[in-house]
Amino acid sequence: MSRDRHALPNRERALFTKLVDAYETKKYEKGIAAADDILRNFPEHGETLAMRGLIVRSMDDGHEHNEEAHALVKRGIECHPESHVCWHVMGLVWRAERNHVESAKCYAQALRLDPDNSLILKDLSVVHLQTRNMEAFVKLRWKLLSSRRDQRASYVSLACGLHLTGDHDSAFEVLESYEKIRNAKQFDSRGAWRDEDPLMKRFDASELTLFKATLRRASGKEKEALALLERDEAKVVDRVAYLTHVGEIQVALGMKAEAEKTYWKLLDRLPDSYDYHRSLRAVKGLPKDVRDGAGEISDGDIVALKALYREIEEKITFCAAAKRLPLSFTKPGDEFDALVVAYIEKPLRKGVPSLFEDLKNLYENPAKARAMERIFTETVASLKSSGKFLSGGETKSEEGKKECTMYAVNLLAMHHGEMGRRSSDGGAKDFAKALELIEEAIAIDASCVDLHLNKASILELAGDLHGAADAAETSRKLDLADRFLNSNCVRHMMRAGRYAYAEQLAAIFARDGDQATNLYDMEATWFELEAAQCHTRGKKYGRALKYYHAVLSHFQQFVEDQFDFHSYCLRRTAINSYLDLLKVEDKMYARQEFRDAAKGAVMLYVDLFDEPPEKKAAALEAKVAAMSAADADKFREELRVAKEREDKAEEERLAALEEAKKVAAAQESKNKSPKDATKKVDPDPLGKALENTKEPLEQAMKFIEPLLLHAAGYEETQLLAFEVFLRQGKPILALKAVNEALKIKPNSFQAKSNAARLTRHVEMMDEANPMKKVLMMQVSKLTGNQTAAAYAKALADESPLNPLDVAAVSFAQRETADDDSALINGAKRTNVDCSAFPFGSYVAAYERYASVSESAAEAMKAACASAFPYATVFGGSKSTKRDGE
Amino acid sequence: MGVCVRAATIDDLWAMQRCNLMCLPENYQMKYYLYHALSWPSLLQVADVDGAVVGYVLAKLDEESTTEIKGHITSLSVLRTHRKLGLAATLMRAAHRALTECYGARDVSLHVRVSNEAAIHLYRDVLAYEEVGVEEKYYADGENAYNMRLTFDYGGEDATRGLARDAAKLAVHA
């Protein structure tokens, strides 16, 4: 009965086939026409309605017709609920908006109606991969294998699934049976195995061998893995992958002599892979880590290391590591000096820009740092006076002498920059020396780009953001076609707060001229992070949030990106990289750039929760009201001037962007047909809606949730989660965040400060609240039964040294005792010792104070200005000033 | 620390994208990097300084060629801070080696801006590519591209010749 009701006459049946074809070949207009044709006579034909919805959704880039699409498909299902097509289509529509959970439900329903439909089985199996529902994936793949025994992808997919559920032995058996069937030439006569690419045969066999070895190793069968690899060695085309497996297995099996041979082979191939150097040393019972600061190396080991690296130098052609690593494991003294003298000569002659970077980690050892200072200084002197290196090596011409001297002076400048960075008193003396030297080098040849780049980095280390930006600008102007110089300049301009100019510069290399969208389309997270931080410092929270959300959406896209690769990889047999992909995807939100964005966004939202824009405006009014009439006028005038300056900058920015757009448009029309002009206009370019959100904490959770998913093991994650949970009135979750943070870093002042703040929260809870007692018990374990105020004070009495810890403890004191002076006192306590804490911690602490209390920020400035005379942020006396500041 | 040129891992792709965005005007979305890495895993190479990517080459096989295996270089760049180490040549030779060893490719081609003398010198004089044509207005800004090609020689010398010489250049600190 029901079948008849949904059956179409011949004409419409043909149209329906056309409709499906049109969808598959993306001829959407044709599809819509066919659907409408059918619906004219059969307005309640469910499958047509559903297909029309799917096409509407597929045409819909801007998601504007999402609802229409859903309504159509839903109507289709209502008209024909027992059609697997309708349910399948519903699954595809959910898939289009990345809702994989709903998608899976619909596919499952479709399968109930048509259990053996291989298309639906495949679609569902991909969703299971995307959501890592591996058990369900394996079940489906078994089913697919039984119906598709003539496709290699059936075996490979199942083996992958079994591997990922931990059943490595079954996975191995599946691959073995594939090879058996394949070798027996079953199915060949039917022209099957069409998923094999004849050109890729060798490569596919290689991938399979490596995968089988991985499977054996995963189930602890290292010996079998080794036997398999040695038997099929000729099949493996990726020699490095082969040897890496073999080396690791030999190490695991304690076959030291064999492993040593393998690592020699690998070094022969990749002479400067530090991984293989480490492995070779480990196999020989020598320290894995030979860097300065990584631990004492015994005299006996040093002798053995020297012998090893002499041998490497002799046997392996052109191994830079063999020259560089002895600098690390040789103790300070005459021998070290001789090594440095020899090491720096050739790169100084060539002007290799990375020479200083190459030596940088030797500075972990203060005696080596002193030795290098002496050697670099003597080298400069010797080159100046006699044109000779300390080795006695001569420079070939007057020009050569000048150039070598310039690079040697540059090296010495970089040395002093590093000494300044590591000094225990802010480093002003070393920075002064470094700047004097870099100017000396620039005076020799002002057209040398590298020198200006280095000048910018020295100034940045010293905290002079405007000076650094100006130096970067000079380097940029020396080669306008070089995007690196442009990007570097953009970064420095952003850090100096010169956003309008930075944006103009970035637009030069952004193809559409309209850089905001182009850099967004190209997923330029580095730019967005810099821009977001720049706007945060400039108190343009809306714009900052826009950029943070851009980073979030890129990372969501990175996670989504894997979707199309599931079936692609399993079909193409790039299994080993595919397995890597899954691992990388499962840690996506733990990547540094996402964690930075999350931190910035969460702290902004938290501040917006504490001080919503309207409250800030009211506070400003109150401030003005309390002033004398003269002061109020003066203050208003200041505000007016600041606003004027800002408006002017904004005007210039927009004008420059317009100009760039015009240029780009002119280019575009000259070259190619104009792109679709329907590019969407951003309704909220300044992020006002984000800034004025009524739900800042819910917005913050958009960043916290992915962090907790992938980066729960970072202290920072737990600290950020705490800030949100406490404000949301979720003390149990806040408690968990404190405990997790303490697990990660047991002596963390920041986590302990949070314990104090949480205790205060619990103290303030209503006595009638049944949770109070339970929570009190928990927090007193953390505070040792002290009150919040007492515990916070005890923390302060421990006198933390890290400026961020000082700030955290001061915030806790302020919160537990309702005492605003705690912040000022804390800021005053800041002591300057950059040997232990990077300059960035001082800046970060300052920004923390500044976000809530001007007077605390002033106190911190006062505490730091003399130690950091170059620092823009502390208004240091030697920092580069700009007009109007 | 020294520079190691090695095959890229999936994990490296984000650093490659960043390096590309810093250095070149031709940029790609992550999905395109993933597509390269998951289609031809051994072809992508990076220059790695103790874990940090300072240069890369993004290579692929020509998908339009169904009877022969041909390679194509999609993108190559090295950070300015790591110039004068010969990294670009080393990266290219490593890609050539992977093309021949893993896939038995017949040749490899690439596009280069007609104004980019340094790159043309590298391809033509150092790596022995030949110019096989010009593509009008290949780049978004209207510039033309040279189409260059290198045919691998499996008969005589090893197609990976020159790798040792690159290593020599890397060892500038000697």
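Residues numbered from 1 in each chain as written. Chains lettered and ligands numbered in written order. Predicted model: local features only at pLDDT ≥ 70, side-chain atom pairs only at ≥ 80, totals over all residues. Heavy atoms only, no water.

With an unreviewed UniProt entry as reference, chain B is termed Acyl-CoA N-acyltransferase, source organism Ostreococcus tauri. Per its UniProt entry, chain B bears the Sequence similarities (unreviewed entry) comment "Belongs to the acetyltransferase family. ARD1 subfamily." (UniProt positions renumbered as here; feature names shortened; annotations may be inferred.)

Going by what an unreviewed UniProt entry lists, chain A is known as N-terminal acetyltransferase A, auxiliary subunit and is assigned to Ostreococcus tauri.

A.B. asks: Even after reading the chapter, I still don't get the pattern of salt bridges, so can you show me in this structure?
C.D. replies: For side chains of opposite charge, pairing can occur when their charged atoms come near one another. All names here are of chain A. Per the counting criterion, the structure on display carries 73 salt bridges over all chains. In this structure, D232 and K235 form a salt bridge, with 3.9 Å as the shortest nitrogen-oxygen distance. Judged by relative accessible area, which is 8%, D232 ranks as buried. In the salt-bridge network here, residues are joined through shared partners; they are D610, E723, R727, R757 and E815. (Salt bridge = Lys/Arg side-chain N within 4 Å of Asp/Glu carboxyl O. Buried < 20%, exposed > 50% of the residue type's maximum accessible area, 1.4 Å probe, protein only.)

A.B. asks: Looking at this model, I keep getting lost on the UniProt feature "domain: N-acetyltransferase" (unreviewed entry) in chain B. Mind explaining?
C.D. replies: In the UniProt entry, the feature "domain: N-acetyltransferase" (unreviewed entry) is given for residues 3–153 of chain B. Measuring from the first to the last C-alpha atom of residues 3–153 of chain B gives 28 Å, for a span that is 32% helix and 32% strand. (Helix = DSSP H or I, 4+ residues; strand = E, 2+ residues; numbered from the N terminus.)

A.B. asks: Got a minute to help me understand the pairing of strand β5 (residues 107–113) of chain B in this structure?
C.D. replies: Residues and elements named next belong to chain B. A large share of β5 lies buried, amounting to 6 of its 7 residues. One ladder, built from 4 bridges, connects strand β4 (residues 70–78) with β5; its direction is parallel. For H72, the partnering residue across the bridge sits in β5 and is S109. At this point the chain moves from β4, through helix α3 (residues 87–103), to the parallel β5, and the crossover so formed is right-handed. Here 7 bridges tie β5 to strand β7 (residues 145–151), and the two strands are oriented antiparallel to one another. Residue pairing across strands places R113 opposite A145, the latter belonging to β7. (Pairing = 2+ DSSP bridges. Right-handed = clockwise from strand over helix to strand, strands pointing away.)

A.B. asks: Looking at this structure, I do not really get the nonpolar core. What am I missing?
C.D. replies: Nonpolar side chains in soluble globular proteins generally cluster together in the buried interior. In terms of nonpolar packing, the biggest core is built from 214 residues, with I312 of chain A together with L13, Y123 and Y129 of chain B touching the most fellow members. Here I312 of chain A is in contact with W264, L267, H277, L280, C319 and A322 of chain A, once residues within four sequence places are set aside. One finds L359, Y363, V380 and A468 of chain A within the second-largest nonpolar core, a separate group that totals 44 residues. (Core = buried A, V, L, I, M, F, W, Y, C linked by side-chain atoms within 4.5 Å. Contact = heavy atoms within 4.5 Å.)

A.B. asks: Would you mind showing me how to read the sheet that holds β4 of chain B here?
C.D. replies: Strands belonging to one sheet form pairs held by backbone hydrogen bonds; the direction of such a pair is parallel or antiparallel. Residues and elements named next belong to chain B. Across the sheet, 7 strands lie side by side as β1-β2-β3-β4-β5-β7-β6; this open sheet has mixed pairing. The open sheet is flanked by β1 (3–7) and β6 (130–135), the only strands paired with a single partner. Neighbour-to-neighbour, the strand axes of this sheet turn through a mean angle of 25°, independent of strand direction. In this fold helix α1 (residues 13–23) packs onto β2 (45–49), β3 (52–61) and β4, with an angle of close to 95° to the strand it touches most, β3. (Axes fitted to C-alpha atoms, helices over the stretch in contact; angles between N-to-C directions.)

A.B. asks: I'm lost on the interface of chain A and chain B in this one. Help?
C.D. replies: Reports often express the size of an interface as the amount of accessible area lost when the parts come together. Each partner contributes residues to the interface: chain A has 69 residues there, and chain B has 62 residues. Summed over both sides, the interface between chain A and chain B buries roughly 6,000 Å², with carbon and sulfur atoms accounting for 59% of that surface. Among the residues chain A hides against chain B, the three largest losses belong to L199, F318 and F484 of chain A. Together they make up 11% of the total. Taken together, chain A and chain B are joined by 7 salt bridges. A salt bridge links R83 of chain B to D482 of chain A; the nearest nitrogen and oxygen atoms lie 3.5 Å apart. (Buried area = accessible area lost by both parts, 1.4 Å probe.)

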